[in-house]
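Here is how the chains run, residue by residue.
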Amino acid sequence: MNNKVLRVILVLFVAGVLVVGSFGGGFVTGRLLPANTIVPTLSPQVTATPGGDESLQTTFQPFWEAWSIAHQRYVDQPLDDTALMRGAIRGMMAALGDAHSAYLDPQEYKEAETSISGEYEGIGAYVDTNKDYLTVVSPIAGSPAEKADLKSGDQIIAIDGQDMTGVNPELARQKVLGPAGSTVHLTILREGIDQPLEFDIVRANIVIPSVESKMLDNGIAYVKLSIFGDNTATDLHQVLKDLMAQQPTGLILDLRNNPGGVVPTAIQVASEFIGDGVIMYEQQGDGTRTPTNALSGGLAIDIPLVVLVNEGSASASEIVAGAIQDYSRAKLVGVTTYGKGSEQNWVPLSNDQGAVLVTIARWLTPNGRTIDKIGLTPNVVVEMTEEDVTAGLDPQLNTATAFLLQMVAGIPITPQESALLPQFPHSSVELIYHPEAGTLSTPDGQIAYILDQENNRWLPYVPDEIKRSLPTDFNLYEDSMGWAIRSADGQELFIWDPVSFTWIFANMLSTPASESSTATYSLITCPLAMPPHLTIGKPARLTINLNVRSSPGIEDNWLQTLPVGTQVEVLDGAQCIPYGSGAYLWWQVSISDGTTGWLAEGSLTGKYYFIEVVK
C-alpha cells in the first residue's frame, strides 16, 4: 500500500453507511507520514520531535512498563502483540476527544476505501456512531431502510434481539451489515413514541444515484444531490446542460438528507452556481485560513435559485449551501442543517496495519461563519412533520417553489406570508413579530429589527434620533462581525449591539475588535469622546426622561427629572467617569429656569444619544 494521506470531508466518517463498506468517499493524495511511526516491538523506535528523543523516552516509559507487565504477568499467554498495538492506537486517537478522529483496523480501512459511487449490499441508511446508540441520519432513497420507514433520529437499541446498550455503535453497525437477501431485525427507539418499534428489513443491493433531476409543471427545474461522490460533479454538469436547454424560469437545488462527500466535488458543485470568489476557508489549529476559490465554467450562476436543506444536510452539503447563502445567491429553505464542518486526513499505517483518521482543520463559509456543531440556519424555516410524510406532502418543496415563483415574477414577500419570513435574528430574549408593522420587538416593546421586504431579511432598527445625526449618504453594512452604520467614505459611525438592541457610537469604543472577535461592544471604558452632534453653547433637547444631578457620577444627588423634549444647553466639555464594569459620559448643562447640573449619556446597556440637537 502506498504511504499516502487520504483527504476527505464527510458528514460521519466513523458513522458510515449501513451497507457492506462504510461510507468512505473519494480521496485526494496529500502529505506523507513517516513509515516508522508504528512500533509493534518491545524497543520503542520513535521519530525525532521538537521534544527530543530523551523527552519521548521519558514520556513513553510508563507505556513500555505496562507492556512488559502484561507480557510477564497476564494469566493467558502468549499475548497477541498486534491486537495490543491496535488497541493502543485506538485508545490514543480516542484520547484526542474528537468524535471524528479514530483508528481503523485493516478490515475497517478496506471497507472505508470503497468508492462512494457504486453498488453496495445492506439496508441503505446513513448513520451516526457518535451517540449512545447507532442512530439513523437518513435512509438512502429507494433503499430497504426507506421502504421500512426508518426515520432520521431513530436509535437502534437492539439488533436481532441482542440489546445494544453499552455496545460500541461502530460494532452495532457491523452487526447490521450483511449480504443481499438476508434479513436483519432492528428494534428502534423513536422520539415521541413511548414503545420501541420493531422492523424486519431484507438487505439488498444498494445503488446510490448521486444526481436526479426533472422539470416541474411550472417551468422550474429541480435537481437533487444525494451524495458528493466521485462522479457527482460530472453528472451534475451534464444534468444542468440538459435542463438549461429547456430554458427554465428558476432552479431548485435539493440538498436534503445529503450527508456530504469529498472536498473537490463540493467546490465543483458550488462553482456551478457561484461565478467567482471564495467558496470556503480551511482554518488550521493556529488560526491560519486558506481560501478555496470557485472554478470557472458554471452553468447556473445567473438563474433564480432556491436551495432546500434539512437536518440530514451535512459536510459538503453545508459547504455548498453556506457559500450560496453568504453570497446571497439564493435563499435556503427548510430547517437547520447537521453541523459537520471539519476536515479529516486518512493516513495509512505501515505494514498494512490500517489507518488513522485525524481532524486537521475546520471549514468556514466565505463570510467566516463556523459550520461545525452549529449548522446553517435557513433564510426561510419550514418544518416537515410526520403527518406531511404520511400524506405524501412536501411543504418544504412547495414553499421553495412558491418563493421562487414570486422571485421570478418580481412579487415582494409580504409580512403576512409568515411561512416565507426570514429566520428571526438570534437573540437572548424572545422577539415578538408585528405583521402590520413588519417589525420585531422585545417583550417590553422596544423595536429591535425591521423587515426588509425587498431582500427578505431582518435589519436592525434605526430610530429617528440616530437618523437625524447621520449624513444623508450613510449606509447600513453587514459583515461577519455584525451590523454597522458607515458614511459614504467608509467611516464607521455606529455599531449594532444585538444584546441591548441599540446602536453604539463607534468613537465610544475603547478598543477596536479584531477580525476574529465576536464582541458585541456593550462594554465601554474611559476615555470617551464628546458625540459630534453636540456643540458647547448650542441648544439641545432630551429624547428620554433624564435626571439632572448636582455633580457627575454620584448616586442620589439629582435635582429634578427632566421630561422628554426639555431644552438644555451644554455648558462644558464631557467628563468620562468609570461606573461598574463600564463608564458614563457626563457633561454640564443649563435649563430654562436657570438651573445648572449634570446629565449622563452612555451606560452599560449601550444606550446613547439621549440628547439631540435642536433643529
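What you see is a predicted model, and the numbers here were worked out from it, not measured in a lab.

Novice: Where do I start with the sheet that holds strand E14 (residues 250-254) in this structure?
Specialist: By definition, the strands of a sheet pair up through backbone hydrogen bonds, in either a parallel or an antiparallel sense. Sheet architecture is open: six strands sit in the order E12-E13-E14-E18-E19-E22, paired in mixed fashion. The open sheet has two edge strands with one neighbour each: strand E12 (211-215) and strand E22 (380-381). Relative to E14, strand E13 (residues 220-225) runs parallel, the two sharing five bridges. Considered in E14, the bridge of Val 223 is made with Leu 253. Strands in contact with helix H10 (residues 395-409) are E13, E14, strand E18 (305-309), strand E19 (331-334) and E22; relative to E18, the strand with the most contacts, it is inclined by about 165°.

Novice: Is there a simple way to think about the pattern of salt bridges in this case?
Specialist: As a working rule, side chains carrying opposite charge can pair if their charged atoms are close by. A complete count under the given rule lists nine salt bridges for this structure. Asp 105 serves as the salt-bridge partner of Arg 90, at 4.0 Å between the closest nitrogen and oxygen. Placement of the pair is Arg 90 in helix H2 (residues 81-94) and Asp 105 in the loop between strand E4 (102-104) and helix H3 (106-112), with a sequence separation of 15 residues. Of the residues examined, Asp 105 reaches a relative accessible area of 18% and is grouped as buried. Note that Asp 452 and Arg 457 form a salt bridge whose closest N and O atoms lie 3.2 Å from each other. Three or more residues joined by partner-sharing salt bridges are found here, namely Asp 254, Arg 256 and Asp 394.

Novice: Whenever I open this one, H2 confuses me. Can you help?
Specialist: It helps to recall that an α-helix has 3.6 residues per turn; residues three or four apart then point in one direction. Compared with the 20 Å implied by 1.5 Å per residue over 14 residues, the 20 Å span of H2 between its first and last C-alpha is a close match. Residues of H2 that are buried include every one of Met 85, Ile 89 and Met 93, and no others. Here the buried residues of H2 occupy an arc of 70° about the axis, which is enough to place them on one side. In this structure Asp 80 caps H2, since a side-chain oxygen of it lies 3.1 Å from the backbone nitrogen of Thr 82.

Novice: What am I meant to see in the pairing of strand E26 (residues 457-460) here?
Specialist: Successive side chains on a regular strand alternate, one facing one side of the sheet and the next facing the other. When strand E25 (residues 447-452) meets E26, the two strands line up antiparallel, connected through four bridges. The residue bridging Ile 450 from the neighbouring strand is Leu 459, located in E26. Connecting E25 to the antiparallel partner E26 that follows it, the hairpin turn spans four residues, and Asn 456 within it adopts a positive phi of roughly 50°.

Novice: Explain the sheet that holds strand E24 (residues 439-441) here, please?
Specialist: The sheet built from four strands is open, its strands ordered E23-E24-E25-E26 with antiparallel pairing. Two strands bound the open sheet, and with one partner strand each, they are strand E23 (432-434) and E26. Going across the sheet, the axis of each strand differs from the next one's by a mean of 30°, ignoring polarity. Of the strand pairs in this sheet, E24 and E25 are connected by three bridges, and their pairing is antiparallel. The residue of E25 that forms the bridge with Ser 441 is Ile 447.

Novice: Explain the confidence of the model for the protein here, please?
Specialist: Detailed conclusions should not be drawn from predicted coordinates in areas where pLDDT is low. When the pLDDT values of the protein are averaged, the result is 77; 76% of them are 70 or greater. Counted against residues more than four places away or in other chains, residues 414-419, with its pLDDT under 50, gives 15 contacts. Ignoring residues within four places in sequence, the model shows residues 603-608, a span with pLDDT below 50, making 26 contacts including any to other chains.

Novice: Is there a simple way to explain unusual backbone geometry in this structure?
Specialist: In most cases, non-glycine residues show a negative phi, while peptide bonds are predominantly trans. Look at the link from Gln 77 to Pro 78: it is a cis peptide, with omega at 0°. Following the sequence through the fold, Pro 78 ends up in the loop between helix H1 (53-73) and H2. Unlike most non-glycine residues, Asp 149 shows phi in positive territory, near 75°. Mapping Asp 149 onto the fold places it in the loop between helix H4 (144-147) and strand E7 (155-159).

Novice: Would you mind going over the environment of Leu 393 with me for this structure?
Specialist: Mapped onto the fold, Leu 393 is located in the loop between helix H9 (386-390) and H10. If near-sequence neighbours (up to four positions away) are discounted, Leu 393 is found in contact with Met 384 and Asp 388.

Novice: Looking at this structure, how should I read the pairing of E13?
Specialist: For E13, the buried fraction is high: six of the six residues fall into the buried class. Residues Ile 220, Tyr 222 and Lys 224 line one face of E13 and the alternating positions Ala 221, Val 223 and Leu 225 line the opposite face, and both faces are buried. As paired strands, E12 and E13 are joined by five bridges and run antiparallel to one another. Note on E13: the bridge partner recorded for Val 211 is Leu 225. Hairpin connection, E12 to E13: the antiparallel pair is bridged by four residues, and Gly 219 has positive phi, about 85°. In terms of handedness, the path from E13 via helix H6 (residues 232-244) over to E14 forms a crossover that is right-handed.

Thresholds, definitions, all that
- Residues numbered from 1 in each chain as written.
- Predicted model: local features only at pLDDT ≥ 70, side-chain atom pairs only at ≥ 80, totals over all residues.
- Heavy atoms only, no water.
- Pairing = 2+ DSSP bridges.
- Helix = DSSP H or I, 4+ residues; strand = E, 2+ residues; numbered from the N terminus.
- Contact = heavy atoms within 4.5 Å.
- Axes fitted to C-alpha atoms, helices over the stretch in contact; angles between N-to-C directions.
- Salt bridge = Lys/Arg side-chain N within 4 Å of Asp/Glu carboxyl O.
- Buried < 20%, exposed > 50% of the residue type's maximum accessible area, 1.4 Å probe, protein only.
- Expected span 1.5 Å × (residues − 1).
- Arc of directions from axis to C-beta.
- Polar contact = N/O pair within 3.5 Å; in protein donor to acceptor, adjacent residues only side chain to side chain.
- pLDDT = per-residue confidence, 0-100.
- Right-handed = clockwise from strand over helix to strand, strands pointing away.

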